[in-house]
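Spelled out, the chains give:
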Amino acid sequence: MLKTLIYKELKMIIASPKFTATFGTCAVLILLSIFIGIQEYRGAVRQYETAVQLNDQEMAESTSWGSFDTRVFRQPDPMQIFVSGIHYDVGRMTGISRWEEIKLRRSNYSDDPIFAVFRFIDFTFIVQIALSLLAILFTYDAINGEREQGTLKLTFANPVPKVTYILSKFIGAWLGLVIPLLIPILIGLLLVMLYNLPLTGVHWAKIITMLGFSLLFFTFFIAFGLMVSALTRSSSSSFLILLVAWVTLVLIIPRAGVMLAGQVQSVPTVAEIESKHAKFSQERWDQHSALISERYEKRNAAMEGLSPEDREAYEEEKMWSWMEEDDAEMKNVQADISEYGRKLQEDLRNRRAAQEKLAFLLSRVSPASAYQLAMMNLAATDINLKNRYEDAMRDYRTAFNGFVNKKLEDSGQHGGFRISISSETGVNIDTGDIDTKSLDLSEVPRFEDPRHSYSAAITPAMTDLALLIFFTLIAFAGAFSGFIRYDVR
Amino acid sequence: MTTPENTPETIQPMMATRNLSKRYEDGVLALDSLDLSVNPGQIYAMLGGNGAGKTTTINLFLNFIDPTEGEAIVDGIITHQEPLKAKAKIAYVSENVMLYPNFTALQNLDYFSHLGGKTSYSAEDYQKVLLRVGLQEEAHDKKLRSYSKGMRQKCGIAIAILKDAPAILLDEPTSGLDPKAGMEFINLLQDLRDEGKAILMSTHDIFRAKQVADIVGIMNAGKLVAEKQREELVGEDLEKLYVEYMTGYMDTAVQATDASVTVG
Ligand SMILES: Nc1ncnc2c1ncn2[C@@H]1O[C@H](COP(=O)(O)OP(=O)(O)OP(=O)(O)O)[C@@H](O)[C@H]1O
Ligand SMILES: [Mg+2]
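Values in this document were obtained by computation on a predicted structure and should not be read as measured data. (Residues numbered from 1 in each chain as written. Chains lettered and ligands numbered in written order. Predicted model: local features only at pLDDT ≥ 70, side-chain atom pairs only at ≥ 80, totals over all residues. Heavy atoms only, no water.)

## Some words on the overall build of chain B
Tallying secondary structure elements over chain B gives 10 helices and 10 strands in all. The buried share of chain B, taken over its 264 residues, is 54%. Excluding contacts between residues fewer than 6 apart, the proportion of contacts in chain B whose partners are at least 24 apart in sequence is 69%. (Helix = DSSP H or I, 4+ residues; strand = E, 2+ residues; numbered from the N terminus. Buried < 20%, exposed > 50% of the residue type's maximum accessible area, 1.4 Å probe, protein only. Contact = heavy atoms within 4.5 Å.)

Pasting the structure below:
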């Protein structure tokens, strides 16, 4: 019985005129997205390699450990082909030196406008937008359409259990849509293999998991479409309801969640932070100069009434301690200012984290958000991409600077430069370089991109997995209970 | 052919209703304690105006709706208690047969035969039955969307025949059939009766009802107001009788009492 029903569903789906059109569109979109993704990835790799080479060359040309610095780059990851996530919004390089903070800059590898157009049509986008629509298009009239057509009555004049029937609708739609869609997906993966992209076992495990998530998301929309179809009498009303629900779930909630979180949990802008910082430092320096002038008044007062000779002697004697005193005070001010800046940054990071958490919590009401977040986590193009890189780069900076400092010590050089003025030699700028031979770079630590293991990918996606399963089961239960009570006339 | 008059005690009716009543959600009492029975090898024709409750009766047999009171019984099975078992014994043709427009007649027949539990038919079997109901061979492989109403009706009748069920429910089966097809259908019904099927049909065609039915029941406002055996109709003008019962029932209480006496 079930077999007969499923077989008929399959025939109906595949023979329907809308199938050819929609399936063709989706297949082309999937293949195009993967193909363009591959091209863009390869372009990014070329740029990355050139940039690294150029940097190596520059390093090789430097002659002084004192002015030795480098740059590190974010390596392109083939996973960005499927899920671009925030990949394009995060900077791709940072300078590494003793006087520069880590800051990822230049957020896009590719300057080709065609990629800018297709950028966001990645595999995830297609599943999220196109395939969910496809699922709705093939299920919105699954039940009520048969009623309107009159075939439901004749079907249930036969000993057909309602549970079997709704199950066949579900399985039929699933098989009828998933199997054809697997074809372009598999071709796409084959393309990825043909281009010989550096995909590791972990990558493949992630890709397979991503495929699983995509199928689960698709399954939700099939169950959801069936549910609405089984809860309404006419296919025009179920179509309208599903369209509104789709817009809400896929387009509105993911954005509204973020916007609402922005309202509830405000995060200062970079400009605000900077102006706050500038104001503090201004105040602190004002305070400092007031202090210094007060100090000078005191010092002058102490010298009141002394003869010019005594005064000179006194000044000569006190000179160094005064200088030390002033220097210490200045260092104090600098320390205060940088401490304040650190606090501001920490506060910003905390607030951002709280806002993100709230935004994700709110937007996960929709399976579309849960799906996207899971996919980004799996592909390592998630919201933490920047932090992961900055942490790794900071670690690298410590190692790099440690190495350079050691070299400086070993060679007796000093960092920075010294300007000496003498009547014999004139102005002499000493950068500390004794010889101008090129440096031995064999021991310079190399930057390694942060690893993103399978467990690091799947752990945060577990919440989304649970949510997607939950949503799907609810839709199922709704479809079942709606249809058990359905009047087939 | 066995008629109930010969051996009234030994034959169990194939279809029967007991005190069957249906009140719809909006309060309309569509069926009011209906009692009727159809034996194997009998054709029961339900007559009655629009809204008399004929379709409601048939829907109750198929458990499309639940009775408010009483029960419909098929081969001893109470339909609302064991609907699947009951439906296995019923073949059904609706007043407007609707099939899958994207499938051909043969595909539709195959699908519904499988649902009816008949899985061993061959394409020739389907073709034979289609020819028997008067569908020309060139139409068999055409999609149903190109069919006329009458052609669809024939297809529906073919599906009912193929199910080979002991009870047959027909809701205005001849609606949309041309005169020739209507006549062929009457012959078909007689064949089925001779095979021992119990047939319950609703119709507005008094002439055909008289021609083919073993029992004619006249319904009005959810009640069975008259029931005539074939023998009682010989020489009677059924049309006159029908109008008499319909108007009489509505006009005077006296005649209504007469009617219920006839029923009892
Ligand atoms: N789903 C429903 N909800 C409410 N009332 C209904 C419903 N279906 C039928 N009725 C009412 O029940 C009564 C009997 O209807 P039914 O369809 O059984 O009549 P019928 O004898 O088949 O008429 P016709 O000859 O026009 O087919 C009518 O008054 C009708 O309005
Ligand atoms: Mg009717």
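## Examining helix H6 (residues 179–194) of chain B
Residue and element names in this part refer to chain B. Across its 16 residues, H6 extends 23 Å between first and last C-alpha, which sits within 8% of the 22 Å expected from 1.5 Å per residue. Residues of H6 that are buried: Ala181, Gly182, Phe185, Ile186, Leu188, Leu189, Leu192 and Arg193. In an axial view of H6, the angular spread of the buried residues amounts to 165°, which keeps them on one side of the axis. For H6, exposure combined with an orientation more than 90 degrees from the buried face picks out Lys180, Met183 and Asp194. (Expected span 1.5 Å × (residues − 1). Arc of directions from axis to C-beta.)

## So, the site of ligand 1
Around ligand 1 there are 15 residues in total, and Asn50, Gly51, Lys54, Thr55 and Thr56 of chain B lie nearest to it. One chain alone does not account for the residues near ligand 1; they come from chains A and B. Taking Ala52 of chain B, its main chain carries an N or O atom lying 3.2 Å from an oxygen atom of ligand 1. With respect to ligand 1, the side chain of Thr56 of chain B contributes an N or O atom lying 2.5 Å from an oxygen atom. A total of 640 Å² of accessible area belongs to ligand 1 in isolation, and the protein chains cover 68% of it. In terms of residue count, helix H1 (residues 54–61) of chain B provides more of the shell around ligand 1 than any other element does, 3 residues in total. The residue makeup of the shell around ligand 1, split by class, is 4 nonpolar, 7 polar and 4 charged. (Near = heavy atom within 4 Å. Polar contact = N/O pair within 3.5 Å; in protein donor to acceptor, adjacent residues only side chain to side chain. Areas by Shrake-Rupley, 256 points an atom, 1.4 Å probe, with all protein chains shown as cover. Nonpolar A, V, L, I, M, F, W, Y, C, P; charged D, E, K, R; others polar.)

## Examining a nonpolar patch on the surface
Together, Val247, Leu251 and Ile252 of chain A make up a nonpolar patch on the protein surface, roughly 200 Å² of accessible area in all. Given a relative accessible area of 31%, Leu251 of chain A falls into the partly exposed group. (Patch = residues over 30% accessible without salt bridge, like charges linked within 9 Å, V, L, I, M, F, W, Y side chains within 5 Å. Salt bridge = Lys/Arg side-chain N within 4 Å of Asp/Glu carboxyl O.)

## Some points on the nonpolar core
Residue and element names in this part refer to chain A. Phe82, Tyr165, Phe221 and Phe224 are the most contacted members of the largest nonpolar core, which totals 189 residues. With 15 residues, helix H8 (residues 201–231) is the single largest residue contributor to this core. Not counting the four nearest positions on each side in its chain, Phe82 is found in contact with Ile34, Asp122, Phe123, Thr124, Leu189, Val192, Ile207 and Met210. (Core = buried A, V, L, I, M, F, W, Y, C linked by side-chain atoms within 4.5 Å.)

## Structural notes on the interface of chain B and chain A
Counting residues at the interface gives 25 residues for chain B, matched by 24 residues for chain A. Buried area between chain B and chain A, summed over both chains or domains, comes out near 2200 Å², and the portion from carbon and sulfur atoms is 67%. Ranking the residues of chain B by area buried against chain A places Phe64, Tyr100 and Leu115 of chain B at the top, with a combined share of 28%. Counting every contact that joins chain B to chain A gives 0 salt bridges. No other element matches the 5 residues that helix H3 (residues 105–115) of chain B contributes to the side of chain B that touches chain A. Each residue belonging to the side of chain B that touches chain A can be placed in one class, and the counts come to 17 nonpolar, 6 polar and 2 charged. (Buried area = accessible area lost by both parts, 1.4 Å probe.)

## Details of the sheet that holds strand E6 (residues 90–93) of chain B
Residue and element names in this part refer to chain B. A sheet is described by the order of its strands in space; here 6 strands give the open sequence E6-E7-E8-E3-E9-E10, paired in mixed fashion. Taken across any chain shown, the strands that pair with only one partner, and hence form the sheet edges, are E6 and strand E10 (223–229). Here the strands of the sheet are splayed against their neighbours by 15° on average, with no regard to which way each runs. Across 5 bridges, strand E7 (residues 167–171) lies against strand E8 (residues 198–202) in parallel orientation. In the sheet register, Ala167 faces E8, and the bridge partner there is Ala198. Packing of H6 onto the sheet brings it into contact with strand E3 (43–48), E7 and E8, and relative to E8 it is tilted by some 145°. (Pairing = 2+ DSSP bridges. Axes fitted to C-alpha atoms, helices over the stretch in contact; angles between N-to-C directions.)

These figures come from the coordinates and say nothing about function on their own.
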